[in-house]
2 protein chains.
Amino acid sequence: MASVASVSDDSVCFRPHQYLAREHDRPNAIFRIEEGWACRFHLLNDGRRQVTALFLPGDYCEPQWGWGRRVSQPIVALTRVRAVRIDCVSLTSRPSDLYNDLRIALVATVDRQAEWIVSLGRKSALERIAQLLYEIYERMDERGLAFGQQCAMPLTQSVIADVTGLTPVHVNRTLQVMRSAGLVRLQSRWLRIPDLDALRRVATGPMSALNAERTRSPIMPVQS
Amino acid sequence: MASVASVSDDSVCFRPHQYLAREHDRPNAIFRIEEGWACRFHLLNDGRRQVTALFLPGDYCEPQWGWGRRVSQPIVALTRVRAVRIDCVSLTSRPSDLYNDLRIALVATVDRQAEWIVSLGRKSALERIAQLLYEIYERMDERGLAFGQQCAMPLTQSVIADVTGLTPVHVNRTLQVMRSAGLVRLQSRWLRIPDLDALRRVATGPMSALNAERTRSPIMPVQS
DNA sequence: CGAATCGTTGAGCGAGGTCAAGAAAAGTGG
DNA sequence: CCACTTTTCTTGACCTCGCTCAACGATTCG
């Protein structure tokens, strides 16, 4: 595991691009992210990169390490990260609160990954980015980190591209479309969503022909 | 849940296209697939479909139901399926063998889904299909259902398309390329892999320029 | 204030999608 | 075993969404 700068007994900090865990590590602790963002990713031999999970404040990184797993994909800090180290041995025994939290987080991971698979497999660039921004807002909101219809969004367009399976250039162009459609306001690592429902509707894809008439958005008409 | 034809006390059968679980169900039992294949999928409003998990003989469907989860995406049989119902209450209590198996299966699901995300986000059609066929062979082999370099492969090209995020037409064309390259032999629901290593190499993507010289496949040279 | 990193724009291209139609299997019922 | 239907596979022509390459602003940060 990467060397870390100790802040207190079990609180650790990472700088951007620093690894929280490397492939094949056998981690002896789980991190609870207190501040900052991190991601799990995979790198193909020719440099193509795909992010397979985002870790926001309040997330466990990663629950499955509790059951003695090796790290299958590396974790890296996207911003400065402050986290609490949770020693794995402290939960080898049965049902504690933490044990339950980790189980719940693990199942949530399965659900979220299934959604990402749908997004990457079947959604357009516009829908994928809308989906990502919507998911980020919702997760921040759940942790009380959204204010009004706004929250922090420290991901660069390059990282957004690596999450959505697109090119930085195309992410840029698509974001401009979304901005000019009034779907999002995104600048200086801050996200505003004028109409949450409209964004969700774009992220979900067009309504079926039958009920398109009644539920069509005034901002983003369903496409073709 | 869909009505099922009871075969014995806890063994059930499903015909192709029959649902093992519907969205929002609160399942009271987990299935252990004994025979046949099933999948989890999501359907967008306009008909686009994405498969988010495959269930092969020996798989649990789905582990997370054991911890009182609702079904977030429906499960449908792809072939005739025979499965064993495992009552959820029988494992609400602590560490049994089954309990451990489910935990392990759940973590394996996270890893496999992360791989699918990489495939869908960053791999070409050729690489995705190679990856899928390789994964299927490996999983069948683990269960002793591979014979030589062959195993059953009941997925239609349409289903392969819904797994890989492609079009049935393009799956067809890509399979022809793979066949003519000698990478796979796939006919009448039966898969043969002449050179497992070559297939894995295609699935993994090109080697980095540095070591391409030494490890290049004689069958499928790394592209560009 | 200089150096990275990040964002923006343009021109051209290509992998994969769409539409349509026909051939080959695989079920189904008599 | 054989007509019949349905599903699956295959092929061709054409199109588009998103990628590539390249250059130039705009931020951020030391």
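Everything that follows concerns the structure shown earlier in this document.
This report concerns the structure included in the present document.

The rules we used
- Residues numbered from 1 in each chain as written.
- Chains lettered and ligands numbered in written order.
- Predicted model: local features only at pLDDT ≥ 70, side-chain atom pairs only at ≥ 80, totals over all residues.
- Heavy atoms only, no water.
- Near = heavy atom within 4 Å.
- Polar contact = N/O pair within 3.5 Å; in protein donor to acceptor, adjacent residues only side chain to side chain.
- Helix = DSSP H or I, 4+ residues; strand = E, 2+ residues; numbered from the N terminus.
- Nonpolar A, V, L, I, M, F, W, Y, C, P; charged D, E, K, R; others polar.
- Salt bridge = Lys/Arg side-chain N within 4 Å of Asp/Glu carboxyl O.
- Buried < 20%, exposed > 50% of the residue type's maximum accessible area, 1.4 Å probe, protein only.
- Pairing = 2+ DSSP bridges.
- Contact = heavy atoms within 4.5 Å.
- Axes fitted to C-alpha atoms, helices over the stretch in contact; angles between N-to-C directions.

On to the protein's contact with DNA strand C. Near DNA strand C you find 17 residues, and of these Gln157(A), Asn172(A), Arg173(A), Gln176(A) and Ala125(B) are the closest. Sugar and phosphate atoms represent 64% of those atoms of DNA strand C found within 4 Å of the protein. One of the side-chain nitrogen or oxygen atoms of Gln157(A) is found 2.8 Å away from a phosphate oxygen of DNA strand C. At the level of secondary structure, the elements contributing two or more residues to the surface near DNA strand C comprise helix 4 (168–180) of chain A together with helix 4 (168–180) of chain B. With five residues, the single largest contributor to the surface near DNA strand C is helix 4 of chain A. Tallied by class, the residues present in the surface near DNA strand C amount to four nonpolar, nine polar and four charged.

Before going further, it helps to examine the protein's contact with DNA strand D. In the vicinity of DNA strand D, 16 residues are found, and the nearest of them are Ala125(A), His170(A), Gln157(B), Asn172(B) and Gln176(B). Within 4 Å of the protein, the atoms of DNA strand D are drawn from sugar and phosphate moieties in a proportion of 65%. Side-chain polar atom of Thr167(A) to a sugar or linking oxygen of DNA strand D: 3.2 Å apart, as the coordinates give it. Take Arg173(B): an N or O atom from its side chain is 3.0 Å from a base nitrogen of DNA strand D. When residues of the surface near DNA strand D are traced back to their parent elements, those giving at least two are helix 4 of chain A together with helix 4 of chain B.

This brings us to the pattern of salt bridges. Inspection of every chain in the model, using the stated rule, returns 26 salt bridges over all chains. Linking Arg143(B) and Asp59(B) is a salt bridge whose minimum nitrogen-to-oxygen distance equals 2.7 Å. Placement of Arg143(B) in the loop between helix 2 (125–142) and strand 10 (146–147) and of Asp59(B) in the loop between strand 6 (49–55) and strand 7 (60–61) is noted, with a sequence separation of 84 residues between them. Taking relative accessible area as the criterion, Arg143(B) reaches 32% and is therefore assigned partly exposed. Classification of Asp59(B) as buried rests on a relative accessible area of 8%. Salt bridges here are not isolated pairs; linked through shared partners, they connect Asp59(A), Arg112(A), Glu135(A), Arg139(A) and Arg143(A).

Let's shift gears to the sheet that holds strand 10 (residues 146–147) of chain A. Residue and element names in this part refer to chain A. Here we have four strands laid out as an open sheet, ordered 10-11-13-12, and antiparallel in their pairing. Two strands close off the open sheet at either side, each with one partner strand: strand 10 and strand 12 (185–187). The pairing of strand 12 with strand 13 (residues 190–192) spans three bridges and is antiparallel. In the strand pairing of strand 13, Gln187 is matched with Trp190. Here helix 2 (residues 125–142) sits on the sheet and contacts strand 10, strand 11 (150–152) and strand 13; the angle it forms with strand 11, its principal contact strand, is near 90°.

This part is about helix 3 (residues 157–164) of chain A. In terms of burial, helix 3 of chain A is largely enclosed, as six of its eight residues are buried. Turning to helix 3 of chain A, its buried residues number three or more, namely Val159(A), Ile160(A), Ala161(A), Asp162(A), Val163(A) and Thr164(A). The elements touched by buried residues of helix 3 of chain A are strand 6 (49–55), helix 1 (97–122), helix 2 and helix 4 of chain A together with helix 1 (97–122) of chain B. Positive backbone phi, at 70°, marks Gly165(A), one or two positions downstream of helix 3 of chain A.

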